[in-house]
Amino acid sequence: ACGAILNGWAIPDAFVAKIEEDGSAILYATYLGGEYDDVGYAIAVDSSGDAYLAGTTYSEDFPLANAPQSTYGWGGDAFVAHLSADGSTLEASTYLGGSSPEAIGGIAVDASGQVVVVGGSASFDFPTVNAYQPACLGYYGEGTAHDAFIASYTADGSALRYSTCLGGMEDDIATDVALDAEGVVYLT
């Protein structure tokens, strides 16, 4: 089932659907989420047909698998998930964020299955590994300012290869990402 009803309000789950090339059939459709709002914002597909989804969750019970970050932050964490080609198996799924809100801009996957996500974080404690800019400089208060972030996961999704903030004291949000044949990351 999708989401829940809380005090008369519908609480959405993210979903993934795979459709036949000619549009004649739905090959699979599945929900992904927990008790509160879960919204998918970006999707990528590898050469095997596995789907990689990135979005924002407000659920402390978001379904996790092989997660390098198993603790929900606050105000909406990013999530990254990997589904098998037939949609039946959650291969990997994790939170990505700190103690303030995160937003997802885009996701890409390379030929070896390494995933890169980009977005924005208002968290001073955003998780960074091998970082170009190890701390996000945004703030969460009367107004929200974000730093852009870039995070790359190992092919099995169990660890961050690198994660860095990118920005200054005002809003900086990465809205899309692409990888070239050699795995070089391009973001906007």
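Scroll up to find the structure.
Notes on the structure follow. (Residues numbered from 1 in each chain as written. Predicted model: local features only at pLDDT ≥ 70, side-chain atom pairs only at ≥ 80, totals over all residues. Heavy atoms only, no water.)

### A short note on the overall build of the chain
For step 1, the next point in the chain: Secondary structure assignment for the chain yields 0 helices and 16 strands.
For step 2, the next point in the chain: A fraction of 57% describes how many contacts in the chain between residues 6 or more apart in sequence connect residues 24 or more apart.
For step 3, the next point in the chain: Roughly 9,200 Å² of accessible area belongs to the chain as shown, and the carbon and sulfur atoms make up 53% of that amount. (Helix = DSSP H or I, 4+ residues; strand = E, 2+ residues; numbered from the N terminus. Contact = heavy atoms within 4.5 Å. Areas by Shrake-Rupley, 256 points an atom, 1.4 Å probe, with all protein chains shown as cover.)

### With respect to the pairing of strand β8 (residues 90-96)
For step 1, the next point in the chain: Along β8, 5 of the 7 residues are buried, which leaves the element largely enclosed by surrounding structure.
For step 2, the next point in the chain: Pairing analysis gives 6 bridges linking strand β7 (residues 77-83) to β8, with the strands arranged antiparallel. Bridging across to β8, Ala 78 finds its partner in Leu 96.
For step 3, the next point in the chain: Connecting the antiparallel pair β7 and β8 is a turn made up of 6 residues, with Gly 87 showing a positive phi of about 80°. (Buried < 20%, exposed > 50% of the residue type's maximum accessible area, 1.4 Å probe, protein only. Pairing = 2+ DSSP bridges.)

### Looking at the packing of aromatic side chains
For step 1, the next point in the chain: Tallied over the full model, the rule gives 4 aromatic pairs.
For step 2, the next point in the chain: Ring pairing ties together the aromatic residues Phe 62, Tyr 72, Phe 79 and Tyr 95, which thus form one cluster. (Phe/Tyr/Trp six-rings, centres within 6.5 Å; stacked < 30°, edge-to-face > 60°.)

### Brief notes about the environment of Leu 53
For step 1, the next point in the chain: Position of Leu 53 relative to the elements: it lies in strand β6 (residues 51-57).
For step 2, the next point in the chain: As for Leu 53 and His 82, which are separated by 29 residues in sequence, their C-alpha atoms are 6.4 Å apart.
For step 3, the next point in the chain: With residues up to four places along the chain from it excluded, the contact list for Leu 53 reads Ala 14, Val 16, Leu 32, Gly 40, Ala 42, Ile 43, Phe 79, Val 80, Ala 81 and Ile 107.

### Remarks on the pairing of strand β13 (residues 147-153)
For step 1, the next point in the chain: Counting buried residues in β13 gives 7 out of 7 residues, a clear majority hidden from the surface.
For step 2, the next point in the chain: In β13, alternate side chains face the same way, and those of Asp 147, Phe 149, Ala 151 and Tyr 153 on one face and Ala 148, Ile 150 and Ser 152 on the other are all buried.
For step 3, the next point in the chain: Where strand β10 (residues 115-121) and β13 come together, 7 bridges link them in antiparallel fashion. Counterpart to Val 116 in the pairing with β13 is Ser 152.
For step 4, the next point in the chain: The pairing of β13 with strand β14 (residues 160-166) spans 6 bridges and is classified as antiparallel.

### Some thoughts on unusual backbone geometry
For step 1, the next point in the chain: If you check the backbone angles, Asn 66 has positive phi at about 60° while not being a glycine.
For step 2, the next point in the chain: Along the polypeptide, Asn 66 turns up in the loop between β6 and β7.
For step 3, the next point in the chain: Taking relative accessible area as the criterion, Asn 66 reaches 41% and is therefore assigned partly exposed.
For step 4, the next point in the chain: Of note in the backbone geometry, Asn 130 takes a positive phi value of approximately 50° without being a glycine.
For step 5, the next point in the chain: Overall, the relative accessible area of 64% leaves Asn 130 in the exposed class.

### Describing the state of the cysteines
For step 1, the next point in the chain: Applying the stated rule across the entire model yields 1 disulfide.
For step 2, the next point in the chain: Linked covalently through their sulfurs, Cys 136 and Cys 165 form a disulfide whose S-S length is 2.0 Å. Between Cys 136 and Cys 165 the disulfide shows an S-S torsion of about -80°. By sign, it is left-handed. Taken together, the residues Cys 136 in the loop between β10 and β11 (139-140) and Cys 165 in strand β14 connect sequence positions 29 residues apart.
For step 3, the next point in the chain: Assessed through its relative accessible area of 0%, Cys 165 is described here as buried. (Disulfide = S-S within 2.5 Å.)

### Looking at the nonpolar core
For step 1, the next point in the chain: Core analysis: the largest hydrophobic core is formed by 19 residues, its most contacted members being Leu 96, Ile 104, Ile 107, Val 115, Val 117 and Tyr 153.
For step 2, the next point in the chain: Within the residue set of this core, elements represented by two or more residues are β5 (38-45), β6, β7, β9 (102-109), β10, β13 and β14. (Core = buried A, V, L, I, M, F, W, Y, C linked by side-chain atoms within 4.5 Å.)

### With respect to empty space enclosed by the protein
For step 1, the next point in the chain: One pass over the structure, following the stated rule, counts 1 cavity of 30 Å³ or more.
For step 2, the next point in the chain: When its volume is computed, the largest cavity comes out at roughly 100 Å³.
For step 3, the next point in the chain: In terms of lining residues, the largest cavity is bounded by 14 residues, among which Val 80, His 82, Ala 92, Tyr 153 and Gly 157 are the most central.
For step 4, the next point in the chain: Among the secondary structure elements, those contributing two or more residues to the lining of the largest cavity are β7 and β8.
For step 5, the next point in the chain: Split into classes, the residues belonging to the lining of the largest cavity amount to 7 nonpolar, 6 polar and 1 charged. (1 Å grid on protein atoms, 1.4 Å probe; cavity = no way out; pocket = protein on both sides within 12 Å on 5 of 7 lines; lining within 4 Å. Points joined across faces, edges and corners; volume = space filled by probe spheres on them. Nonpolar A, V, L, I, M, F, W, Y, C, P; charged D, E, K, R; others polar.)

Keep in mind these numbers describe shape, not what the thing actually does.
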